[in-house]
Amino acid sequence: MITDVNPFVYSHPVAPEDVIDRDEEVRQLLRHVVGGHFVRLYAPRKYGKTSLLRRALRDGERDEGLVPVLVDLYRVSSVADVTVRLERAYAKELKGELRKRVEALLQRTGVGLSLGALGISARLQLEPRRDPLPALHALLELPLRLDASGGYRAFVVFDEFQDIGRIEGLDGLLRSHIQHHGEVASYVFAGSEPGLMRLLFETKERPLYGAAVPMRLGRLADADIAGYVAERFDLSGRSAGEAVNPLLRAARGHPQRAMLLAHRLWEEVAPGTEATIEAWEAAHAAAMRELEPEFDAQWRGLDLSEQKTLRSLSLGDGSPYRSAVLRRLELTKDAVRRALPRLAATAEIEELDAGGYAIVDPLLAEWIGRLNDRA
Ligand SMILES: Nc1ncnc2c1ncn2[C@@H]1O[C@H](COP(=O)(O)OP(=O)(O)OP(=O)(O)O)[C@@H](O)[C@H]1O
Ligand SMILES: [Mg+2]
């Protein structure tokens, strides 16, 4: 049996007890939820939204008796998709007595819903022309029925919520239900694309305008990352030693990048020994090699003025308008002005409180830096 396993997870959400330093965010989120407020949670990709939400759902169930439901809306593109995801979310989360109750409630709706294997997704496969809308309405009404059947309060999280923006009329449909749920359910809408989230919640004409308290997830503090990394090295019979500082400098508080670098570093360190600067350099190089295809694809997805604006930001240390840099890149101020909001809308970059911009992903920033050095 393999017992000496790498303790740093970076490719999927981490377990609630492995979440670093989000205690205050979880508390704040739960305070809103218990108070009956709806919340929209924003953070760039891979900042730990899903990990945090799972932890909040666990604590909400354990400490507040809420019924936890995590709906993953990643890349949904139709009403049928949303219906299936919502049904599967209930199927995954509910256990025991409550599960039986919900199953009975769903059966009674007579629209083909079930928490078992033969739920709405199977029905839709067998009968592709079947209208999923009645089933969706029934699922969205479930919190009202749960309340009526025993005073349960649901805690429903829609993860990757921005993806419903592509389905005509869905935000209106959702609102028509949840606006009556203040007493029976709390909703959290999480998303990673600030542009789309703003469109859904900050546009006057949209049904969800102003419907949820905004919350934002920031970077992790260096001290918290350092403590976590050092402890996990110790627990697995190694020491992170002098490699911690360059790791913190490279990760710049980005949660997933910190874990990726820690994972790679751990791979370089034999049991019973301490990480050296050479081990760090090898780990860093391995991480950059691993990310090369990802960065390359991301880069190809940008248009030329977006690419140049990112390069200009990198050369100008956060200020994209330096004349010498613009000349070198054959870039006009106007093109930069138009590219910045597009890059911010997809969270490639973020505006800093102190002024200027930062590239969100520190390793992408490094990759762009190398591109500049090469050109
Ligand atoms: N608070 C944290 N403590 C420890 N690791 C974290 C934390 N937040 C994020 N991570 C790291 O980031 C990775 C991604 O986390 P998670 O999937 O929760 O983020 P996400 O924002 O939901 O990402 P995506 O945008 O891909 O959905 C995890 O595998 C983990 O390595
Ligand atoms: Mg996620």
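Residues numbered from 1 in each chain as written. Chains lettered and ligands numbered in written order. Predicted model: local features only at pLDDT ≥ 70, side-chain atom pairs only at ≥ 80, totals over all residues. Heavy atoms only, no water.

(A) Examining the packing of helix α9 (residues 222-235) against helix α11 (residues 255-268) more closely. Orientation of α9 relative to α11, taken along the N-to-C sense of each, is 25°, at an axis distance of 11 Å. By the criterion of interaxial angle, the relationship of α9 to α11 is roughly parallel. Note on packing geometry: the crossing formed by α9 with α11 is right-handed. Of the residues in α11, those touching α9 at I225, Y228, V229 and F233 are A258, M259, A262, L265 and W266. (Axes fitted to C-alpha atoms, helices over the stretch in contact; angles between N-to-C directions. Helix = DSSP H or I, 4+ residues; strand = E, 2+ residues; numbered from the N terminus. Parallel < 35°, antiparallel > 145°, perpendicular 65-115°, else oblique. Left-handed = near helix turned anticlockwise from the far one by under 90°. Contact = heavy atoms within 4.5 Å.)

(B) Layout of the site of ligand 1. In the region of ligand 1, 21 residues are neighbours, and V9, H12, K49, T50 and S51 sit closest. The contact in question runs from an oxygen atom of ligand 1 to an N or O atom on the side chain of R45, over 2.8 Å. Side-chain polar atom of E160 to an oxygen atom of ligand 1: 3.1 Å apart, as the coordinates give it. Computed on the free molecule, ligand 1 has an accessible area of 630 Å², of which 94% lies beneath the protein chains in the complex. When atom positions are compared with the pocket grids, ligand 1 is found to occupy the largest pocket. Elements with a minimum of two residues in the shell around ligand 1: α2 (49-64) and α11. When the residues that make up the shell around ligand 1 are grouped by side-chain class, the tally is nine nonpolar, six polar and six charged. Of the domains in this structure, domain 1 (22-216) and domain 2 (222-288) are the two that each give at least three residues to the shell around ligand 1. (Near = heavy atom within 4 Å. Polar contact = N/O pair within 3.5 Å; in protein donor to acceptor, adjacent residues only side chain to side chain. Areas by Shrake-Rupley, 256 points an atom, 1.4 Å probe, with all protein chains shown as cover. 1 Å grid on protein atoms, 1.4 Å probe; cavity = no way out; pocket = protein on both sides within 12 Å on 5 of 7 lines; lining within 4 Å. Sits in = over half its atoms within 2 Å of the grid points. Nonpolar A, V, L, I, M, F, W, Y, C, P; charged D, E, K, R; others polar. Domains from an automatic or database assignment.)

(C) Summary view of the layout of surface pockets. Here the largest pocket defines a volume of roughly 1,000 Å³. H12, P13, T50, S51 and R54 are, among the 39 residues lining the largest pocket, the residues nearest its centre. Those elements that provide at least two residues to the lining of the largest pocket are α2, β2 (67-72), α3 (79-93) and α11. Among the elements that line the lining of the largest pocket, the one with the most residues is α2, at seven residues. For the lining of the largest pocket, the per-class residue count stands at 17 nonpolar, six polar and 16 charged. Both domains that furnish three or more residues to the lining of the largest pocket are identified here as domain 1 (22-216) and domain 2 (222-288). Roughly 450 Å³ of volume is contained in the second largest pocket. In this structure, the second largest pocket is lined by 20 residues; those nearest its centre are R45, Q298, T346, A347 and E348. (Points joined across faces, edges and corners; volume = space filled by probe spheres on them.)

(D) Examining α3 more closely. End to end, α3 covers 21 Å across 15 residues, agreeing with the expected 21 Å (1.5 Å per residue, within 8%). All buried positions along α3 are accounted for by V82, T83, L86, E87, A89, Y90 and A91. Check the buried side of α3 and you find it contacts β2, α4 (96-109), α5 (120-126), α6 (133-148), β3 (154-159) and α7 (170-178). (Expected span 1.5 Å × (residues − 1). Buried < 20%, exposed > 50% of the residue type's maximum accessible area, 1.4 Å probe, protein only.)

(E) Here's a closer look at the pattern of salt bridges. Tallied over the full model, the rule gives 30 salt bridges. E25 is the salt-bridge partner of R22, the closest N and O atoms lying 3.6 Å from each other. An identical accessibility class is assigned to R22 and E25; each is buried. Residues R40 and E202 are paired through a salt bridge, measuring 3.0 Å at the closest nitrogen-oxygen approach. With R40 in strand β1 (residues 39-42) and E202 in helix α8 (residues 194-202), this residue pair connects regions lying 162 residues apart in the sequence. On the accessibility criterion, E202 (42% relative accessible area) is partly exposed. Overlapping salt bridges, with partners in common, bring together E17, D23, R55, R58, D59, R62 and D63 in one network. (Salt bridge = Lys/Arg side-chain N within 4 Å of Asp/Glu carboxyl O.)

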